[in-house]
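# Commentary on secondary and tertiary structure
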Amino acid sequence: MSESGVAPKGANRQRGYMGYLSVLAASALFGSVFTVAKVPLESIDPLALSAVIYIVSGLSLIPFARASFRLDRRELYYMALITVFGAVGAPVLLLHGLQQTSASDASILTNGEVLFTIILSSVFFGERPHGRAGLIAVALVIVGLFMATTDMEFSDTIIAFNAGNVMILSSMFLWAIDNNLSRKLTTFSAISPAKIAMIKSLAGGLVILAITGSGRQVGALEQIDATLWLVIVGLAVAGFGGALLFFLEGIKRIGTIKTMSVFSTTPIFGIAIAALALGESISAFQVVATGLIIFGILLVSRR
């Protein structure tokens, strides 16, 4: 800080760069979730899987939080809401939805999180894209993302909006609420993104586990072999815990609108991961879409 109490321009610029890098890391990690989660969902109940994923991800974040669980009354209120929306309702709906729809359709529907977050941020927190250029930038990102995830081909399920699709859209809306509440919490509290992610994950996982404990789903976890446990732990630590930590760090550094614009590249990372791991081809539509998204991100990031 300078003597006047204002951060130097270089420090602000570095803070911005770190924010964008954090969100890109979150996008890459979360982009792998829709494919990887299909593996354990073949044999594990979504409710039980949600509990395990969030407890493991919460435990993995403890070294990064380096803080106590103490919260004042206002912080506790926001953390309770964040946990209910983002760590209980959203993941349960997402994993149940993934059981009833394809990974590609799920990727398309995750675009809803960007739209819902921006709409809620504009209505309740007054954080709007800057002028007509900002609105055009957001539109370009959404159009590019739509092209990349659909390849301009539509399955019957995406048109019909079956139960799985409705669940995934609903989970995106709950995460949009979570995003804005998390942003609000970081504006008045010194609580770190790591601490928010840790408490949210552990509390959400324990709540889901309590709900699951009365059924037979927990017993099924005893039958999981070591290889599948590695998949689940990797999914929890990287796809959820790591992605959440980087995402919240981005919101704190560059705000909700810019964070969501960058985070909308998640399906692009998913496509790249699928191409490298599964040998899937990349279409011309996806190349054009990538260009639109990058241009939109640059445009929305202008001050």
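Cut-offs applied
Residues numbered from 1 in each chain as written. Predicted model: local features only at pLDDT ≥ 70, side-chain atom pairs only at ≥ 80, totals over all residues. Heavy atoms only, no water. Axes fitted to C-alpha atoms, helices over the stretch in contact; angles between N-to-C directions. Helix = DSSP H or I, 4+ residues; strand = E, 2+ residues; numbered from the N terminus. Parallel < 35°, antiparallel > 145°, perpendicular 65-115°, else oblique. Left-handed = near helix turned anticlockwise from the far one by under 90°. Contact = heavy atoms within 4.5 Å. Nonpolar A, V, L, I, M, F, W, Y, C, P; charged D, E, K, R; others polar. Salt bridge = Lys/Arg side-chain N within 4 Å of Asp/Glu carboxyl O. Buried < 20%, exposed > 50% of the residue type's maximum accessible area, 1.4 Å probe, protein only. Core = buried A, V, L, I, M, F, W, Y, C linked by side-chain atoms within 4.5 Å. Patch = residues over 30% accessible without salt bridge, like charges linked within 9 Å, V, L, I, M, F, W, Y side chains within 5 Å. Areas by Shrake-Rupley, 256 points an atom, 1.4 Å probe, with all protein chains shown as cover.

## Some points on the packing of helix H13 (residues 226–254) against helix H14 (residues 256–263)
Think of two packed helices as two axes; the pair is described by the angle between the axes and how far apart they sit. At a minimum axis distance of 7 Å, the contact between H13 and H14 shows a crossing angle of 135°. As summarised for this structure, H13 and H14 are arranged oblique, according to the angle between their axes. When the axes of H13 and H14 are compared, the crossing they make is right-handed. Of the residues in H14, those in contact with Phe-247, Gly-250, Ile-251 and Ile-254 of H13 are Thr-256, Lys-258, Thr-259, Met-260 and Phe-263. Residue composition of the contact of H13 with H14, by class: 5 nonpolar, 3 polar and 1 charged.

## Regarding the pattern of salt bridges
Enumeration over the complete set of coordinates arrives at 2 salt bridges. Two residues, Asp-178 and Lys-200, come together in a salt bridge whose shortest N-O distance is 2.3 Å. Taken together, the positions of Asp-178 in helix H10 (residues 163–188) and Lys-200 in helix H11 (residues 193–212) put the pair 22 residues apart, joining distant regions of the chain. In this pair, the class of Asp-178 matches that of Lys-200, namely buried.

## What to know about the nonpolar core
The nonpolar side chains of a soluble globular protein tend to be buried with one another. One finds Ile-53, Leu-98 and Ile-232 to be the most contacted residues of the largest nonpolar core, which totals 62 residues. A total of 12 residues in this core trace back to one element, the largest contributor, which is H13. In terms of nonpolar packing, the next biggest core, distinct from the first, is built from 5 residues, Leu-47, Ala-51, Val-88 and Ile-208 among them.

## Digging into a nonpolar patch on the surface
Together, Leu-115, Ile-119, Val-123 and Phe-124 line one region of the surface with nonpolar side chains, adding up to about 410 Å² of accessible area. Within the secondary structure layout, Val-123 lies in helix H7 (residues 111–125).

## Observations concerning the environment of Gly-291
Of note, Gly-291 is situated in helix H16 (residues 284–300). Gly-291 gets classed as partly exposed once you look at its relative accessible area, which sits at 38%.

## Some words on H14
Counting buried positions over the 8 residues of H14 gives 8, a clear majority of the element. By the burial criterion, the buried members of H14 are Thr-256, Ile-257, Lys-258, Thr-259, Met-260, Ser-261, Val-262 and Phe-263.

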